Each structure stands twice: as structure tokens, then as C-alpha cells.
Amino acid sequence: MDRVLSQAGLPKLSGPIGPHSLTLPAFVRATLEQYPRLTASRLYAMVRSRGYPGGEDHFRHLMLHYRPRAQPEAYLRLKTLPGSRGQIDWGHFGKYRIGRGRAPLMASSWC
């Protein structure tokens, strides 16, 4: 169930269980709020100096639950060089008479 929740971007229902589970989350959350781009290696060195007995691989796994996730964007940002893309807009302005017939009147503009 935790795997499915984490793939959907939702937090786990409960935190990690261990001897430092009561003190470690408070320090990690406070540090990540102040420095959100801090690497897991540097954070591991900080908690290791405070007495965390676990290994670095396990600590990296725990950081997946504490690190704030970026909000997904609902649109695609296009990054292009100037002049590499263009846009054209079409407009319909009714019909006009040519002799006995009627023809559509359309116009375009380039952006």
C-alpha cells in the first residue's frame, strides 16, 4: 500500500519506526524547511554526528518520506529559441458578394 501511495505522490500513513523515530523527523523537517535543496549525503552527516546509528542507504530511503515534493505542473512549458516557432491566428468575418455569388471573408495574423 505504501508503494502505491508514494507513486501517487501522497504521504505515507505512518512514519518510520525505530529508536530515533521520535527525534529524527523533527530535526530533518526543520532542516529541510530551512534548506530545501540540502543533499541527503550532507543531511546524513549531520544526523550521524547527532547519534543516528543507521546506515546511509537506509537514511536515503527515509528521506523520500520527509523531502518536500515539487508540485506537478498542469501544462507543458515550451523552451524555444527566438524565431524557431511561430503562431498563426485565423479569423472568419462573414461573407461578401462577388458578382452573383458569395465568398467567405477570412484573415490571418502571424505572431
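Not measured: the values here are computed from a predicted model.

### Here's the deal with the nonpolar core
Residues Leu24, Val28, Leu43, Val47, Tyr52, Phe59 and Met63 are the most contacted members of the largest nonpolar core, which totals 14 residues. Listing elements by their share of this core, those giving two or more residues are helix 2 (24–34), helix 3 (40–49) and helix 4 (56–66). A per-element tally of this core places helix 3 first, with five residues. Aside from chain neighbours lying at most four places away, what touches phenylalanine 59 is Leu24, Ala40, Leu43, Tyr44, Val47 and Tyr52.

### Some details on the environment of tyrosine 52
Structurally, tyrosine 52 is set in the loop between helix 3 and helix 4. Sequence separation of tyrosine 52 and leucine 24 is 28 residues, and the distance between their C-alpha atoms is 8.0 Å.

### Quick notes on the pattern of salt bridges
Overall, the coordinates contain one salt bridge when judged by the stated rule. Taking the shortest distance from any N to any O, the salt bridge between arginine 60 and glutamate 56 comes out at 3.3 Å. Within this pair, arginine 60 and its partner glutamate 56 are both found in helix 4, separated by four residues, close to a single helical turn. With relative accessibility at 38%, the residue arginine 60 sits in the partly exposed group. Since its relative accessible area comes to 33%, glutamate 56 is described here as partly exposed.

### Some thoughts on helix 3
Those residues of helix 3 that sit buried are Ala40, Leu43, Tyr44, Met46 and Val47. Down the axis of helix 3, the sector holding all buried residues measures 160°, keeping them to one side. Looking at the packing, one finds that the buried side of helix 3 touches helix 2 and helix 4. Taken from the residues just after helix 3, glycine 51 is the one with a positive phi, measuring 105°.

### Describing the packing of aromatic side chains
Each aromatic ring pair is summarised here by two numbers: the centre-to-centre distance and the angle between the ring planes. Counted according to the given criterion, the structure contains three aromatic pairs. Geometrically, the ring pair formed by tyrosine 44 and phenylalanine 59 is tilted, given 5.5 Å between the ring centres and 55° between the ring planes. With tyrosine 44 in helix 3 and phenylalanine 59 in helix 4, the pair connects residues that are 15 residues apart, well separated along the chain. Here the two residues tyrosine 44 and phenylalanine 59 agree in accessibility, since each one is buried. Joined through ring pairs, the aromatic side chains of Tyr44, Tyr52 and Phe59 make up one cluster.

### Side note on the pairing of strand 1 (residues 88–98)
The sheet contact formed by strand 1 and strand 2 (residues 101–110) spans nine bridges and is antiparallel. Looking across to strand 2, one finds that tryptophan 90 is bridged to serine 108. The hairpin turn running from strand 1 into strand 2, its antiparallel successor, is two residues long, and glycine 99 in that turn takes a positive phi close to 65°.

Cut-offs applied
In every chain, residue numbers begin from 1 and rise along the written sequence. Restriction of local features to residues with pLDDT of at least 70 applies here, the model being predicted, together with a cutoff of 80 or more for giving and counting side-chain atom pairs; totals for whole chains, interfaces and linings are based on all residues. To obtain the side-chain values, all non-hydrogen atoms of the structure were included, while hydrogens and water were left out. Buried residues of nine kinds, namely Ala, Val, Leu, Ile, Met, Phe, Trp, Tyr and Cys, make up a nonpolar core once their side-chain atoms join them within 4.5 Å. For each residue, the accessible area found with a 1.4 Å probe, counting protein chains only, is set against the maximum for its type, and the residue is called buried under 20%, exposed over 50%, and partly exposed in between. Under the scheme used here, helices are H or I runs from DSSP no shorter than 4 residues and strands are E runs no shorter than 2 residues, and both carry numbers assigned from the N terminus. Contacts are assigned to residue pairs with any non-hydrogen atoms lying within 4.5 Å of each other. Salt bridge, as used here: a side-chain nitrogen of Lys or Arg that lies within 4 Å of a carboxyl oxygen of Asp or Glu. Directions from the helix axis toward the C-beta atoms define the arc. Side-chain rings of Phe, Tyr and Trp (the six-membered ring for Trp) are treated as a pair once their centres are within 6.5 Å; stacked means planes under 30 degrees apart, edge-to-face means over 60, and tilted covers the remaining angles. For two strands to be treated as a pair, DSSP must find at least two bridges joining them.

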